[in-house]
Amino acid sequence: MSRTLPTRVWAPTARGVELVTPTDGARSAMSPTGHGWWEGRALPEGTDYWFSPDGEGPFPDPRSRWQPHGVDGPSRTWTARDHDWVPSPDHEVLGGVIHEIHVATFTRGGTLTSAIERLDELVDLGVGTVELMPLAQFSGEFGWGYDGVDLFAVHRAYGGPDALVSFVDAAHARGLSVCLDVVLNHLGAWGNYLSRFGPYYTERHQTPWGPGFDLDGADSHEQRRYLLDVCRHWLVDMHVDALRLDAVHAIHDDSDTHLLTELAQLLPGWEERTGRSLTLIAESDLNDVRMVRAPETGGVGMDAQWADDVHHALHVALTGETQGYYADFADPAALRRTLEDVFHHNGTWSSFRGRNWGAPVPHDLDRRRFVVYSQDHDQVGNRARGDRPSEHLTDAQLAGVAAVVLLGTFTPMLFQGEEWGTRTPFRFFADQETPERARMVREGRAAEFGAHGWEGEVPDPTSRGTLEDCVLDWSERSQPRCSAMLAWYRELISLRGRVPGVRSGRRQRAVRLGDVLVVVNAGVALVLDLAGHALPADVDPTAPATWADSPEGTPPGGLGPLLASFPTGDGGDAVRVFGWEDRADD
């Protein structure tokens, strides 16, 4: 027997709203239920429908769970209410290894279903959480997903909501947690019909994409509720374990309780209801530790945040690139400062922003609250050619930065294919449904790259060929260099899991001696050459001379046995990993 599902929509200024079913052309009046809400007749699951406020449109449901005909087509009723879910893993997301993927380029099939076929490889690697770039329905067939317009719906090209149910179950069955990248700061330009239903936006707050959500006006309850319900849908209804919240510094809210804090305060109730541990990870450009502080101590309440400064310091140290926002990281102290204390800009002058920026991170704050990486979708894809570090660095250098990330005190994240040193690019791409839209995207992207100092031809972001160039080639792993890199990543992740103290989140110590970098994190000590050359034999992580330039001197501890090393190819080692007897509490 087919289930029926209610139809409801918030349209506070409408004089009337009709429910439109395109299969039979029927239009039926909806009834006001108070506070701007309208309710129509229940529809069988799998029925296409539209809403027509004041005779306009019709338009898709702003809370649509499924858009099988794209952003301009009718919505379709769908629910996972009675699904028998596979239980979530009982491990914590933070402290484990996160692996970021883009569904359309992770496999040749380009769907959530085809991505399931590669989950065993992530388990074998030692990954704890798979992070999906945004899934919300967007205009066109392919893109990064940060211009979604149906925030409750899974993009149809990825397989729709049923495919996500299968993916989440498959991941959980393998012991993998699932993190979803969610965009709350704006909707895309095309297929965005929110303003046809109500005053979702305000001119008081502007974002890079236009007017911001009205989250702090006199009558902003429903606007806030809309975004909070988006998060609830993914975490509670779709059994995702964590959310990565995109560019939260662009969520403008001057309320006494910021939207993110309200979200954090709702989380314990959702955890109690589901019996699952849920995690909120923010992408924030503010370099403000309050982001991960509890609300009762004046914080925003996020569990963790991305830490771009660590990436930037590593990137400059390895490549020497200093254009754009990399300029300040040419400071010789930047690498030590970020590896120890997260932010390079911690109240200091930022030339890119033209002002002092950030605030210090206390020494006793759990470093697992910061997600670090040497590659991610932004730092690769926002390069003009989308070129990977493997195009410019030696394997020894790649091995060294992998050791810093995977054996560091932070929560490490990998980007698809990084683990075998892929040279497959990851470029910006965004399919468009009209030539005019495509022209606007091409010109906008070229201007953005020009402003950041990139030179040369930019691949056409609207071309399917640009997308196809970015699809991972899993057969690369059988090549000798890729096979060796994959084995190195597996070894590092294994050490992270079995060496006591590595995942403690305690503040680590670092010092740079020219091209030689020494990092001490509780149970391990790393020594590596940033240029990928053979290490000198006399680098001793316990020697006072090694730490002569460190403001805090030699870290208390003793050197243990050699646990792992990566060769240079000429008989030397470019990376050495030692055990470390930590005596910080002695």
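Residues numbered from 1 in each chain as written. Predicted model: local features only at pLDDT ≥ 70, side-chain atom pairs only at ≥ 80, totals over all residues. Heavy atoms only, no water.

J.: An account of helix α13 (residues 480-498) is requested, with residue identities and associated values reported.
T.: Spanning 19 residues, α13 covers 27 Å between terminal C-alpha atoms, matching the ideal 27 Å at 1.5 Å per step. Each element contacted by the buried residues of α13 is listed here: α3 (119-125), α10 (395-406), β21 (411-415), β25 (557-567) and β26 (573-582). (Helix = DSSP H or I, 4+ residues; strand = E, 2+ residues; numbered from the N terminus. Expected span 1.5 Å × (residues − 1). Contact = heavy atoms within 4.5 Å.)

J.: Tell me about the packing of aromatic side chains, and please be specific about residues and values.
T.: In this structure the tally under the stated criterion is 21 aromatic pairs. Summarising the aromatic geometry, the rings of Phe 138 and Tyr 158 are spaced 6.5 Å apart at their centres and angled 70° between planes, so their arrangement reads as edge-to-face. Pair noted here: Phe 138 is in the loop between β10 (136-137) and β11 (150-154) and Tyr 158 is in the loop between β11 and α4 (160-173), with a separation of 20 residues, a long-range link. For Phe 138, a relative accessible area of 1% corresponds to the buried category. On the accessibility criterion, Tyr 158 (2% relative accessible area) is buried. Here a set of aromatic residues connected by ring pairs shows up, and it is made of Phe 142, Trp 144, Phe 415, Phe 426, Phe 428 and Phe 429. Against the face of Trp 66 rests Arg 76, its NZ or CZ located 4.9 Å from the ring centre. (Phe/Tyr/Trp six-rings, centres within 6.5 Å; stacked < 30°, edge-to-face > 60°. Buried < 20%, exposed > 50% of the residue type's maximum accessible area, 1.4 Å probe, protein only. Lys NZ or Arg CZ within 6 Å of the ring centre and 35° of its normal.)

J.: Can you lay out the packing of helix α7 (residues 308-319) against helix α8 (residues 334-341) for me, pointing to particular residues and giving the numbers?
T.: The geometry of α7 relative to α8 is characterised by a closest axis approach of 9 Å and an angle of 150° between their N-to-C directions. On the basis of the axis angle, α7 is roughly antiparallel to α8. As for how α7 packs across α8, the hand of that crossing is left-handed. Judged by residue contacts, Asp 309, Val 310, Ala 313, Leu 314 and Ala 317 of α7 engage Ala 334, Leu 335, Thr 338 and Leu 339 from α8. (Axes fitted to C-alpha atoms, helices over the stretch in contact; angles between N-to-C directions. Parallel < 35°, antiparallel > 145°, perpendicular 65-115°, else oblique. Left-handed = near helix turned anticlockwise from the far one by under 90°.)

J.: Can you lay out the sheet that holds strand β16 (residues 279-282) for me, pointing to particular residues and giving the numbers?
T.: Overall, parallel pairing links the eight strands, which are arranged β8-β9-β12-β15-β16-β17-β20-β21 in a closed barrel. Within the sheet, the average angular offset between the axes of one strand and its neighbour, ignoring direction, is 30°. Both strand β9 (residues 129-132) and strand β12 (residues 177-182) contribute to a ladder of four bridges, which runs parallel. For Val 130, the partnering residue across the bridge sits in β12 and is Val 178. Contacting β15 (242-245) and β16, helix α6 (residues 259-274) runs over the sheet at an angle of about 160° to β16. (Pairing = 2+ DSSP bridges.)

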